[in-house]
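So the chains spell out like this:
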Amino acid sequence: MNTGQLSNNKLLDMVFESTYYGIVIVDSQAKIQYISNKYCEFLNVERSTVIGEHVTNIIENTRLHLVVQIGKSEIADIHFLRGDFVIANRIPIIENKEIIGAIGTIMFRDLDDRNKMNSHIKEILTKRNFYKNERDVTNGVKYSLHNLIGNSQGIQQFSRRKLRRNYRFTTNY
């Protein structure tokens, strides 16, 4: 292949379309600047109609706009999309210490792979919930931070750290 004859956009498009990923790139306003044909097929949308649209209007439950705001990557996140679970990566694009956009990917090769992955994720979540419930039943008694007695500086610091940690790891699944 003579890359001198290809425009940068055409070359990038060829690279993005040859991967097993659905790819979307947004600008600093979270407006879609690029979306791969595979992602468009998955979303059942026309590429030309989504370019320039805010990502939240096109991709349900997306967090890509938040990555643009906060600037923190989200790798291998479980994303519920179009009735299925997919593995999503969201990475800010930073230039000169400024967030200029973000790239989001979901992985699948074909419908069969996506269905297998979705079944696997559902199985993992079911097991997680089973063991969580089993732990609660087996332990019998549940205690929380609210059961701690005392107001020493150590207990207050511990409680604040634990609440911050729990807030960070809370999911909606």
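Residues numbered from 1 in each chain as written. Predicted model: local features only at pLDDT ≥ 70, side-chain atom pairs only at ≥ 80, totals over all residues. Heavy atoms only, no water.

**Student:** Sorry, what's going on with the pairing of strand E4 (residues 84-95) here?
**Tutor:** Every regular strand shows the same layout, with side chains that alternate between the two sheet faces. Taken together, the 6 bridges between strand E3 (residues 74-81) and E4 define a ladder with antiparallel strand orientation. Bridging from a neighbouring strand, Leu-81 pairs with Asp-84 of E4. Hairpin remark: E3 followed by E4, antiparallel, with 2 residues in the connecting loop; positive phi at Arg-82, about 55°. Pairing between E4 and strand E5 (residues 98-107): 8 bridges, direction antiparallel. Following the sheet pairing, Pro-92 is matched in E5 by Ala-102. (Pairing = 2+ DSSP bridges. Helix = DSSP H or I, 4+ residues; strand = E, 2+ residues; numbered from the N terminus.)

**Student:** Just to check I follow, could you spell out the pattern of salt bridges for this structure?
**Tutor:** Should the charged atoms of two oppositely charged side chains come close, the side chains can pair. Enumeration according to the criterion identifies 4 salt bridges in this entry. Measuring nitrogen to oxygen at the nearest pair gives 2.6 Å for the salt bridge that ties Arg-90 to Glu-74. In this pair, Arg-90 sits in strand E4 while Glu-74 sits in strand E3, placing the two residues 16 residues apart along the sequence. The residue Lys-127 makes a salt bridge to Glu-123 at a minimum N-O spacing of 3.2 Å. With Lys-127 and Glu-123 both in helix H6 (residues 111-139), this residue pair falls 4 residues apart, about one helical turn. Classification of Lys-127 as partly exposed rests on a relative accessible area of 44%. Among the residues examined, Glu-123 registers a relative accessible area of 41% and is labelled partly exposed. Taken together, the shared-partner salt bridges connect Arg-63, Glu-74, Asp-77 and Arg-90 into one network. (Salt bridge = Lys/Arg side-chain N within 4 Å of Asp/Glu carboxyl O. Buried < 20%, exposed > 50% of the residue type's maximum accessible area, 1.4 Å probe, protein only.)

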